[in-house]
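Residue-level structure breakdown
Single-letter residue listing:
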2 protein chains.
Amino acid sequence: MANQFYSKRDLAFHLYEVLNAEQLTQFPYFQDHNRESFDMVLDAAGQIAGSLLKPLLTEMDRQEPQLVDGKIRVHPGLASIIRRFGEDGWINAPFSYEEGGQQLPATILNAATFIFGAANYSASVFPFLTTGAANLLRSFGSPELIDTFTPNMYAGRWQGTMALTEPDAGSSLSDITTTAEPTDQPGTYKIRGQKIYISAGDHDACENVVHLMLAKIKGGPVGAKGISLFAVPQKRPENGRLLVNDVLTAGVYHKMGYKGAPIAHLMVGSNDGCIGYLVGEPHKGLSYMFQMMNEARVGVGMNAVSIGTAAYYASLEYARERPQGRLIAEKDPSKPQVPIICHADVKRMLLFQKAVLEGSLGLLLQCSYYADLVHAAEGDEQENAALLLDLLTPIAKSYPSEMGCLTTSAAVQILGGAGYTTDFPVEQFYREARIHPIHEGTTGIHGLDLLGRKVIMQNGKAVTLLLAEIQKDIIATQASPEGSALSDQLSAALGILDNVTQHLLSVAPSDTEAFLADATLYLELFGIVVIAWQWLRQTIISQQALSDAHEDDRNFYQGKRMAARYFYEYELVKIHALSRRLLSADRVTVTMQNEWF
Amino acid sequence: MANQFYSKRDLAFHLYEVLNAEQLTQFPYFQDHNRESFDMVLDAAGQIAGSLLKPLLTEMDRQEPQLVDGKIRVHPGLASIIRRFGEDGWINAPFSYEEGGQQLPATILNAATFIFGAANYSASVFPFLTTGAANLLRSFGSPELIDTFTPNMYAGRWQGTMALTEPDAGSSLSDITTTAEPTDQPGTYKIRGQKIYISAGDHDACENVVHLMLAKIKGGPVGAKGISLFAVPQKRPENGRLLVNDVLTAGVYHKMGYKGAPIAHLMVGSNDGCIGYLVGEPHKGLSYMFQMMNEARVGVGMNAVSIGTAAYYASLEYARERPQGRLIAEKDPSKPQVPIICHADVKRMLLFQKAVLEGSLGLLLQCSYYADLVHAAEGDEQENAALLLDLLTPIAKSYPSEMGCLTTSAAVQILGGAGYTTDFPVEQFYREARIHPIHEGTTGIHGLDLLGRKVIMQNGKAVTLLLAEIQKDIIATQASPEGSALSDQLSAALGILDNVTQHLLSVAPSDTEAFLADATLYLELFGIVVIAWQWLRQTIISQQALSDAHEDDRNFYQGKRMAARYFYEYELVKIHALSRRLLSADRVTVTMQNEWF
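Each chain has its residues counted from 1, running along the sequence as written. Going through the entries in the order they are written, you letter the chains from A and number the ligands from 1. Owing to the predicted nature of the model, reporting of local features is limited to residues with pLDDT of at least 70; listing and counting of side-chain atom pairs is limited to 80 or more, with chain, interface and lining totals taken over all residues. Values shown for side chains rest on all heavy atoms present in the structure; no hydrogens or waters enter the calculation.

1. A look at the pairing of strand β6 (residues 208-217) of chain B
Moving residue by residue along a regular strand, the side chains alternate between the two faces of the sheet. All names here are of chain B. For the exposure calls, accessible area comes from a 1.4 Å probe over protein chains only, and a residue counts as buried if that area is under 20% of its type's maximum, exposed if over 50%, partly exposed in between. Working definition: helices are DSSP H or I runs of at least four residues, strands are E runs of at least two. Numbering for both runs from the N terminus. Across the 10 residues of β6, 10 count as buried, placing the element largely inside the fold. Here β6 shows no split at all, with N208, V210, L212, L214 and K216 on one side and V209, H211, M213, A215 and I217 on the other all buried. Two strands pair if DSSP finds at least two bridges between them. With six bridges joining them, strand β3 (residues 158-163) and β6 adopt parallel strand pairing. Bridge pairing links G160 to V210 in β6. Where strand β4 (residues 179-182) lies against β6, two bridges are found, and the strand directions are parallel. Pairing of T179 across the sheet is with K216, part of β6. By the bridge criterion, seven bridges tie β6 to strand β7 (residues 227-233) in an arrangement that is antiparallel. For K216, the partnering residue across the bridge sits in β7 and is I227.

2. Quick look at unusual backbone geometry
All names here are of chain B. Positive phi outside glycine occurs at Q103, with the angle close to 50°. Residue placement: Q103 occurs in the loop between α4 (78-87) and α5 (106-119). The phi torsion at Q458 lies on the positive side, around 45°, for a residue other than glycine. Mapped onto the fold, Q458 is located in the loop between α12 (443-454) and α13 (461-477).

3. Overview of the pattern of salt bridges
Residue and element names in this part refer to chain A. The salt bridge definition used is simple: a Lys or Arg side-chain nitrogen within 4 Å of an Asp or Glu carboxyl oxygen. Evaluated as defined, the whole model comprises 64 salt bridges over all chains. The shortest N-O distance in the salt bridge between K8 and D43 comes to 3.1 Å. On the criterion of sequence distance, the pair formed by K8 in helix α1 (residues 8-18) and D43 in helix α2 (residues 35-53) is long-range, its members being 35 residues apart. Using a relative accessible area of 53% as the deciding quantity, one classes K8 as exposed. Overall, the relative accessible area of 39% leaves D43 in the partly exposed class. D518 is the salt-bridge partner of R581, the closest N and O atoms lying 2.9 Å from each other. Placement of the pair is R581 in helix α18 (residues 574-583) and D518 in the loop between α15 (512-517) and α16 (519-546), with a sequence separation of 63 residues. Taking relative accessible area as the criterion, D518 reaches 8% and is therefore assigned buried.

4. Quick notes on the interface of chain A and chain B
The contact criterion used is simple: two residues touch if any of their non-hydrogen atoms lie within 4.5 Å. If you look at the interface, chain A gives 94 residues, while chain B gives 94 residues. Approximately 8,400 Å² of surface area, both sides summed, lies buried where chain A meets chain B, with 59% of it carried by carbon and sulfur atoms. Linking chain A with chain B are six salt bridges. With its nearest N and O atoms 2.6 Å apart, the salt bridge here joins B:R326 to A:D175. Any N or O atom pair separated by 3.5 Å or less is treated as a polar contact, with the protein-specific requirement of one donor-capable and one acceptor-capable atom, and with residues adjacent in sequence counted only for side-chain atom pairs. Seen at the junction of chain A and chain B, the total is 57 residue pairs in polar contact (both at pLDDT 80 or more). Ranked by residues supplied to the side of chain A that touches chain B, first place goes to helix α17 (residues 551-572) of chain A with eight residues. We define buried area as the total accessible area lost by two parts upon association, computed with a 1.4 Å probe and summed across both.

Nothing here speaks to function; it is all geometry.
What follows is the structure in structure tokens.
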């Protein structure tokens, strides 16, 4: 088992050298914080991750949750872990002091979830799903609902979930059929339907589970406009007691990976006995969900980077220790073998992981920073941050998710045959990574979101803002030959991106289907350019810091510079292939017919 | 569970329309065969695959082999399956009538293994590992060895394996430490050492196991030149009895996928009681192995296509049946949902699989055809086929293996959340596919083989031959606008490949490390060009056949034309990214230092 699963040094680099996260403390909401308090939070996260989460990584994969007597039995270690997250204040950390929270910036909380996810992704999802569900309640629910549910959720006694998907409604949420019928109690509805793929669904590590559930109030509008949001507890609190609320667990899905967290199939109100509490106004459920989507999606991207990072360090450790073969110029077979990290192709696979993961981590923390500005800043600063976050969210979710499948694959490849066995953790990371391009919106859905919605919103204002941000960093590099070599390439890449965007927008009016047919490729191209920008930012800082750095830090900054070069040499060039396809007039996928397959 | 797992129609297209496999019957060795006998073989394969292998696909994954009382216990259904392969003559099908074989062309046998592998990859490896081991014995062993071992192997009573890898010698075979010490019996040696990752190692579905094992005779040359080949049976036949031969199973590896086939860790001669029989001459073991490598490597490529094909048909069936969402231009949510195969992005993921897999299948059958020419033809025809096979083997092994990870991933993505659960077979295919870039030489090793050895052998004669073959097909397309549109792109791609090759060869004399640093990327580029060539060939035939075809066949040929267009639009363009990197002078991976990670 690898010892290192993330780099504290790299996290500090992103937070304090690139982002200057301390600047957030200038806003009233965050004013009690400072770098020391941030570091205490991150140290505490590292401590829990290493001592409580990581030791269960393998066990939780091998001992899958099982449905026993109608209840999902999870790993016995989870109950105390979830309570610990509650007791230590993680679940409501971003919320206000009045709510018992710590007013912690999302930037810092997400850095902590990065650490937790790298230690044990499955274990890490339980508390932060509760955070997401509680956030919906506190943002849109009545004071009574908030009082009833959130204290138990914050304490880790009650699990929170998001219950959206149904057997016939996954990517197409407007087609849900779960119904809500008013009772004679105001705000109280009878709920009937089925929900599937409910992460952290009704398990036995908490006393109760509160589902934030989408359903349609009978007689409401068809489609997405008829969807409302309900709090549907597994056990209904009434007069200080918890009553059975007719939410039955029909099954637990067995999955390829991410096995420690149960994904439940729920039968809701099969016996006509399920009560749900309307959250906010009727028919606004989907818009409430969407207001929380950005954070959930940035969270998924972060989880993808977490798993990839754990795999990266496991493969790095192996590459340093495993002797095999000799350098190519060495022809003498009696010479000792060298560690495989000496082979250029192994270094390529390590640099690939490093470049993708640290580039993605930079983007995700920057998105978290924008989320903090949306919350704490005002005026233009707030509005611009909101637009940038909206634009970058599909990329921040999808690029790390898609690439995480490839980086964990590179980790497996470095270990060779050993990597394919369960004796090493990398095969588990490979299986776990595969969930991320699927959940919280598939990559295809995010492609449509980026090209069909985000790029064109407010006449392209978000793209204009992003380009201005990137231009600032390009100008900052002009002083040094190394920086300007990268920034020249990035400028050219921006030209290509703009060219592709203009071309696709010119297709849109006459042929919507063709306009969006390759939105997934457009998302990939845009993602590569954005990560190249992240590496430009990291290079500027590293170059400046290098001359005065002591030896360990010199190595760190040299690694940054090489990873940036790697990204530009091996990854950024991919836009030349993508743009050729995106500029082509051959509508091959649109034209293809079902019966020709 | 998906019903279709391969396309009989597509296989016939490759064999009879593209390759004209019947032409092989002009050679004396194959003269008793004809299309009818080939079809009987393939129908028999389809029958066994569907009725015996496929029903165990999931079970063999869930009930992993276990080490019980020193013996590996495999799925109980395997014993009768392996015997059936023996009784039906599959194991020695390619060998001569004198040996009890059928003198079946490799082209047809490999088409059959494609079918078996698509039904149940793990089950399919047992008999054909025996074929490979027996082939080493019959090619290089003494008549006594052949008589002692091969009849039982052909009958499926004794398993054959290849025992190469050791704990400290995987990619670097020259470093094996297993020793062989002569006894007073000529040709008989005491063997001592450890072997790991032995596929179909000592299991309980056969009466005995014969390891074709590499070891070093004491006092021999260091490195690869001191490696000899031995037949090391688990039980030693002496005077009609089977004696224990001190080959202990130290463990069975638990793996991410491909679980039905055990991978053993063997302790050989720990009690000084293991006898091995020298095969051929001393110190020639590695060269013997290499003479069999081409077929084993083409076999791995074929297995990769098999698994990918099963995943493709599973995802195609799902895409046709699963309703979700509406076409982009349809704004009315009360309209019924459409099957997801109507969405351009889903068609893209299906076309991706089809284009990669059917292109790869074409290449693999063509390589098998070259293998048949090497065996049955004479003079220039034989020599040219040998050179082409040598050149194409690293590509035929690696391109399908690497891409198989991505095509099975696309199959998972099409199924979405369902694809990540064990309720559908695609997650198993995704796990199984991951072995292929590792075993039988990692992708990195094949990159070095292609660029460092194959491209430059005989002053580039193999490349010249290949280009001449491709030019023939390019000329054949000039008549039609569709064909020439593709062949113009392929000509340009050949120019880029040549440019890259010349550049790398110019680097070689002064800097071997830099010359080969990106050999994996060179392999990828070369592979894409070769598969594009395969699609040109398939397009020529499909175009010609389309006008006279009846309706089902029209759909088939339209599908071929679309898949070809897909490959050129989405895959061939990738060479523009790869060539930029390969032509770059930035030695980023060579320069990178261990301590900078």
